[in-house]
Structures are given as structure tokens and as C-alpha cells.
Amino acid sequence: MNQLSFVGTYRTSPCILTEGAVVERLRREFHIPLDENLIHAALIYNDSYREVLAGIYKQYIDIATRHQLPLMLMTPTRRANTERISGSVYRNRDILRDNVAFLSELRDTASTPVYIGGLAGCRGDAYDGRYHLSVEEATQFHYPTVRALAEAGADYLFAGIMPQLTETIGMANAMAATGLPYIISFMIRRDGRLLDGSFIHDAIDTIDKEATTRPLCYMANCVHPDVLHQALSHSHNDTPLVRERFQGLQANASVLTPEELEGCTHLESSSPEELADRLMTLLWDFPLKICGGCCGTDERHLNSFAEILTQR
């Protein structure tokens, strides 16, 4: 696979499946301890944990294969920026390259198109829009990380759960500088705004105008379908620009606010049938191209999502 085939698939496929939850399944379902700095990015260096991680990704590959859908996977590196890597016990490992190689090995066994995304996230807390970097600071901070992911052989780059606009612009510039196609995914509220108060429409318009190369599209992470439906329905976001450029969701199975999710001591979820029903309602009004799961989802939810996509 390569970046050109990924862009071609994005342009020509009516729908693309992306992965379900990974880190929360490791934490809640398999009770695997996560690294303070890197969360689950270093699990590939432990044979037992690597097998569990591979098993989760293989479930998602099998679902995409059964439903004959192209699949977007992402490296488990949202928190593994170069700053955190250098402060960890894994500082002498090539973590970003090794995680791309890990997914590449799994992809080689698939009989459906599987594309590997180099996943990066904000420097601070994705559930708190108060912490932010300037555009220039963000570009300088994120470029070494996304360059490493690109050089490792990722098919595309993915900025996950971005809560704040100026850092997202800087992230976009860093990703654009690698030459890879990239996707920006926001953390948003019911009122149609990012956590810093920017409307989705304004964020897309600003990034499209200021980034050196535009993102392939925009999405939301860790957001319930009902929350996204309300956000996209806001009069400020119900625009041709948003309908053209906003194209995906990794659905959280809970309707809680970011603050409630951040402080929650147990996993909030809903049944695969219930969440799929809410996703179907969202897709009826906003026919998004890319669909997958986030916190509270597992292989059952993703299978229900795949069934919806194949019936569209």
C-alpha cells in the first residue's frame, strides 16, 4: 500500500471502515498496565502484550474482510510524541518506526485493502481546550513526530482528538510538510464547537486557508453519534463547506461531556445495536464516508457499523 492508493480509495470508495477502540479495551477488557508517558505505544516490546494488541487489530481486519470494506488502521502512538519518547525508558527505541512496522506485518495478512495511519495527538489534554500552543510552536513541536511516522512508511497521517484550533493549524502544517495525505479529527461539543469555542465550520475554513496543503478531510473522535448530529446541525455548521469537508466519525459509545468522560472511573458504553441505531440516524442526515469506534466500543460495535456501511 502507499499514499497514492490511499487517496485513490478515499476518492472512489463510498465508505471506509476504521478501527474501533484500542487503548480502552487494553485497559478495561484485558487489564494491561499502560505506560505513564507512552500509554500503549510500547506494548509491542512485550511478547504477551504485543499478542493482545495484535489480536485487537486482527479482529478489526477480519470484520473489514468479511464485509469487503477498505480499512483504516492507526498506529497506537497518539501520546507517543518525540518529547514523551525522550522522557521514557524507551528513549533508545525507534518506537514510531517500530509501530508502523508492527501494523505493516498485520496488514500483510489481510485480503482487503488496509491502510496504515501514523497517529499523532495534541501535546496536552485532548479533553481540555484551555491548554494550547501557538501555530508556530505547534508546527515545530509536532513536525519531528509526524516526519518520523511518514519516513517509517505510513500511508497517511492522522491528527486525533484535537481540541483547540491554533495547535491544530500547526499540526496541519507539520503534517503537510511531510508530503503525506493527512486527516484532522476534532474533539467537539454538542454546541458545534471545539473545546476552545471554535465552531466546526470556522475551524475547517481556517485550516483549509492557512495550512500549506489542505487535509484530505476532517472527522471527530471520541464523540457519540447523537452529539455529532447535534453539532453538525447547528446553524453555524450546517454549511456546504462542512458537508463537503467533514467526512468521518470514530464514535464514543457514551453521550457524556468531555469533562465527565475525563473524570469517569468506569467505562460508559451502550450496546452495539443501540449505538449502530444512533450511527444510522446520523448517516441518514450526514452521509459520512469514514466510520469507526472509539472509547466504549469493541469488535461487536465495529461489526454493526460495518453492516450499516455495506447496506448504504
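A few points on the structure. Not measured: the values here are computed from a predicted model. (Residues numbered from 1 in each chain as written. Predicted model: local features only at pLDDT ≥ 70, side-chain atom pairs only at ≥ 80, totals over all residues. Heavy atoms only, no water.)

### Points about the sheet that holds strand β5 (residues 182-186)
Moving on, step 1. Reading around the barrel, the eight strands line up as β1-β2-β3-β4-β5-β6-β7-β8 and close back on themselves, with parallel pairing between neighbours. Averaged over all pairs of adjacent strands, the angle between their axes in this sheet comes to 25 degrees, without regard to strand direction.
Moving on, step 2. With four bridges connecting them, strand β2 (residues 71-74) and strand β3 (residues 114-121) associate as parallel partners. Residue pairing across strands places M72 opposite Y115, the latter belonging to β3.
Moving on, step 3. Where helix α6 (residues 135-151) meets the sheet, its contacts fall on β3 and β4 (156-162), and the angle it forms with β3 comes to roughly 165 degrees.
Moving on, step 4. Helix α13 (residues 299-311) rests against β1 (16-18), β7 (246-251) and β8 (290-293) of the sheet, and its axis sits at about 175 degrees to β1. (Pairing = 2+ DSSP bridges. Helix = DSSP H or I, 4+ residues; strand = E, 2+ residues; numbered from the N terminus. Axes fitted to C-alpha atoms, helices over the stretch in contact; angles between N-to-C directions. Contact = heavy atoms within 4.5 Å.)

### Some details on the packing of helix α5 (residues 95-107) against α6
Moving on, step 1. Put simply, α5 and α6 touch, their axes get as near as 8 Å, and they point 40 degrees apart. Put simply, α5 runs oblique to α6. Crossing handedness for the pair α5 and α6: right-handed. Contacts between α5 and α6 pair L96, R97 and V100 from the former with T145, A148, L149 and E151 from the latter.
Moving on, step 2. Of the residues contributing to the contact of α5 with α6, the split by class is four nonpolar, one polar and two charged. (Parallel < 35°, antiparallel > 145°, perpendicular 65-115°, else oblique. Left-handed = near helix turned anticlockwise from the far one by under 90°. Nonpolar A, V, L, I, M, F, W, Y, C, P; charged D, E, K, R; others polar.)

### Thoughts on the packing of aromatic side chains
Moving on, step 1. Taken as a whole and judged by the stated rule, the model has five aromatic pairs.
Moving on, step 2. For the pair Y57 and F102, a centre-to-centre distance of 6.1 Å together with 70 degrees between the ring planes defines the contact as edge-to-face. You can see Y57 sitting in helix α3 (residues 47-66) and its partner F102 sitting in helix α5, a full 45 residues away along the chain. Take Y57 and F102: they sit in the same class, and that class is buried.
Moving on, step 3. Look at F186 and Y218: their rings are 5.7 Å apart centre to centre, the planes differ by 15 degrees, and that puts the pair in the stacked class. On the criterion of sequence distance, the pair formed by F186 in strand β5 and Y218 in strand β6 (residues 217-223) is long-range, its members being 32 residues apart. (Phe/Tyr/Trp six-rings, centres within 6.5 Å; stacked < 30°, edge-to-face > 60°. Buried < 20%, exposed > 50% of the residue type's maximum accessible area, 1.4 Å probe, protein only.)

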